[in-house]
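If you want the building blocks of each chain, they are given just below.
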Amino acid sequence: MKIVVINQSDSVGGAAVASHRLLKALQREGIDARMLVMHASAHRGDSDIVAYGDNLRGKAYFLAERLGIFARNGFSRANLFKVSTASRGFDLSRHPLVADADAIILNWINQGAMSLRAVEKIASLGKPLLWIMHDMWCCTGICHHAYSCDNYTAQCHACPFLNSAGNDLSTSVQSEKHRIYSASDIRFVAVGSWLEQCCRRSALLRDAHITTIPNAFPVEEYDWHPNAALRKQLCISPDAKVVIMGAARLDDPVKGFPHAIEVLNRFAGRGVHSLFVGGIRDASLLERLQIPYTHTGMLPPSQIADFYRVADIVISTSHYETLGNTLIEGLASGCVPVAFDAGGPRDIIEHKVNGWIAPADDIADFCRGIEWAMEQSTPEKREALHRSASARFDAAVIARQILSQIPRP
């Protein structure tokens, strides 16, 4: 069987990492799988990663879509990237990899990668089509997360991200999605049970074929043994409890970075060291920390596993997560996860068994979770945490679940 996995990027963002991991997991199951991306960076030398389009046209699509949103949201940049319309993008229906594939798996296709019209043309090929959802965009009009708005359960209008009244851009895009979905045989895959529940409440997908399958995770690439050598290299005290937090962009508003700073500052003078992995736009935020910290910046995927082995606890202060890849990475590395009850973490953490779930935005309870995690973080328990990740997220298990959703001739 030949499968093509389509995503906007090969490495930037959680969906890109998950898509690449799925690619490798499918290949290990004997599938002839390739990955088609608009932006290839980390895996340029990999012949299984194929970049499409040209940068100039890709930028034009991206800008045209953003300008269309900008003109309809009162020319505000505040929420410009909380919504997407897929009004512009590349048509991949005639791409050789798509033409040759027996099945197609879509992932995150926004920001100029593909248009809704392009999705419609791929669906019209009649090949089995899975769409793995990494956020709410497939079940809403235009937003990637609806927060407290429930218009998507009926008709999107008066979109809070557009500061509009009545029918607006969210209404027309929702209508376009409905037209395409109704005429297509798309099987949707939610990466977390919370996301599936949102989809089943939505006007667009409540009657669709939806399955929850978590992201494939290469547990075997993550070692639970502590990395004392790297800890020493980073000048972190051997007696410190290290709390790690990772994100493509740490100060993305969704990640709740101010909450992380507030939580960590409550452990000032208590032998806690913060380790941050990922980019940050406003580095001055780190100056608010009252405890020792190390910021690595963005790391190649091949190096991330080593840094988790320096840590004892992995945290997520996100306001929402469809799953939470960094929590799984930490768990597979023997770190105790602590997170807010913000969707996806519930699929990873069993409260007070392999981690701690705090009520959303409850700083005091989150701190209690870190205190609990400090007591749980022992060399003897690291292996058990690793095994708990393997039992549920092993890449081979997930790849077989994905393959089970592809209709065979």
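Presented here is a report on the structure given in the accompanying data block.

What follows deals with the overall build of the chain. Counting its regular elements, the chain contains 13 helices and 13 strands. At 21 Å, the chain has a C-alpha radius of gyration in line with the 22 Å of a compact globule built from 409 residues. If you line up the chain on its principal axes, its C-alpha atoms span 60 × 50 × 40 Å. Counting all 409 residues of the chain, 58% fall into the buried class. In the structure as shown, the chain presents an accessible area of about 17,000 Å², 50% of it carried by carbon and sulfur atoms. Between the averaged position of the 42 positive side-chain charges in the chain and that of its 42 negative side-chain charges there is a distance of 3 Å.

Quick look at helix H6 (residues 193–201) now. Quick reminder: α-helices carry 3.6 residues per turn. Residues three or four places apart thus point the same way. Leu 195, Glu 196, Cys 198 and Cys 199 are the residues of H6 that are buried. Angular distribution of buried residues about the axis of H6 spans 160°; they occupy a single face of the element. The inward-facing, buried residues of H6 contact strand E5 (129–133), strand E6 (186–190) and strand E7 (209–212).

Okay, the packing of aromatic side chains next. Geometry of an aromatic ring pair is reported as the spacing of the ring centres plus the angle between the planes. Taken as a whole and judged by the stated rule, the model has 15 aromatic pairs. Ring geometry for Tyr 61 versus Phe 90: centroids 5.0 Å apart, planes at 85°, classification edge-to-face. Taken together, the positions of Tyr 61 in helix H2 (residues 55–72) and Phe 90 in the loop between H2 and helix H3 (96–100) put the pair 29 residues apart, joining distant regions of the chain. The residues Tyr 61 and Phe 90 share a single accessibility class, namely buried.

Mapping Arg 231 onto the fold places it in helix H7 (residues 228–233). When near neighbours in sequence (up to four residues on either side) are disregarded, Arg 231 contacts Ile 236, Ser 237, Pro 238, Asp 239, Ala 240, Val 242, Val 310 and Asp 312.

To continue, consider the packing of helix H8 (residues 257–265) against helix H11 (residues 363–376). Helix-helix packing is characterised by the crossing angle of the two axes and by the distance between the axes. Relative orientation of the contacting elements H8 and H11 amounts to 60°, with a least axis distance of 10 Å. The pairing of H8 with H11 is recorded here as oblique in orientation. Seen along the crossing, H8 lies across H11 with a hand that is right-handed. Taking contact as the criterion, the partners of His 259, Glu 262 and Val 263 in H8 are, on H11, Ile 363, Phe 366, Cys 367 and Ile 370. Of the residues in the contact of H8 with H11, the class split is five nonpolar, one polar and one charged.

In this fold, Ile 3 is placed in strand E1 (residues 2–9). Along the primary structure Ile 3 and Leu 97 are separated by 94 residues, whereas in three dimensions their C-alpha atoms are 8.5 Å apart. Setting aside chain neighbours within four positions, we find Ile 3 in contact with Leu 26, Ile 31, Asp 32, Ala 33, Arg 34, Ala 103, Ile 105, Leu 403 and Ile 406.

In this section: the sheet that holds E6. The strand order E3-E2-E1-E4-E5-E6-E7 describes an open sheet built from seven strands, whose pairing is parallel. Strands at the two margins of the open sheet, each flanked by one partner only, are strand E3 (49–51) and E7. For this sheet, the mean angle separating the axes of adjacent strands, direction not counted, is 25°. Taken together, the five bridges between E5 and E6 define a ladder with parallel strand orientation. If you follow Met 133 over to E6, its bridge partner there is Ala 190. Here helix H1 (residues 14–28) sits on the sheet and contacts E1, strand E2 (32–39), E3, strand E4 (103–106) and E5; the angle it forms with E2, its principal contact strand, is near 160°.

All right, on to the nonpolar core then. By size, the foremost hydrophobic cluster in this structure holds 88 residues, and its most contacted members are Ile 3, Leu 26, Ile 105, Phe 257, Ile 315, Ile 370 and Ile 402. Sort the elements by how many residues they give to this core and H11 lands first, with seven residues. If sequence neighbours within four positions are ignored, Ile 370 has contacts with Val 263, Phe 267, Ile 313, Ile 315 and Val 338.

Another point: H1. Between its first and last C-alpha atoms H1 spans 21 Å; for 15 residues at 1.5 Å apiece the expected length is 21 Å, and the two agree. The set of residues buried in H1 consists of Ala 15, Ala 16, Ala 18, Ser 19, His 20, Arg 21, Leu 22, Leu 23, Ala 25 and Leu 26. After H1 finishes, the residue Gly 30 shows a positive phi value of roughly 90°.

The rules we used
- Residues numbered from 1 in each chain as written.
- Predicted model: local features only at pLDDT ≥ 70, side-chain atom pairs only at ≥ 80, totals over all residues.
- Heavy atoms only, no water.
- Helix = DSSP H or I, 4+ residues; strand = E, 2+ residues; numbered from the N terminus.
- Rg over C-alpha atoms; globule rule 2.2 N^0.38 Å.
- Buried < 20%, exposed > 50% of the residue type's maximum accessible area, 1.4 Å probe, protein only.
- Areas by Shrake-Rupley, 256 points an atom, 1.4 Å probe, with all protein chains shown as cover.
- Lys, Arg positive; Asp, Glu negative; His and termini not counted.
- Charge placed at Lys NZ, Arg CZ, Asp CG, Glu CD.
- Arc of directions from axis to C-beta.
- Contact = heavy atoms within 4.5 Å.
- Phe/Tyr/Trp six-rings, centres within 6.5 Å; stacked < 30°, edge-to-face > 60°.
- Axes fitted to C-alpha atoms, helices over the stretch in contact; angles between N-to-C directions.
- Parallel < 35°, antiparallel > 145°, perpendicular 65-115°, else oblique.
- Left-handed = near helix turned anticlockwise from the far one by under 90°.
- Nonpolar A, V, L, I, M, F, W, Y, C, P; charged D, E, K, R; others polar.
- Pairing = 2+ DSSP bridges.
- Core = buried A, V, L, I, M, F, W, Y, C linked by side-chain atoms within 4.5 Å.
- Expected span 1.5 Å × (residues − 1).

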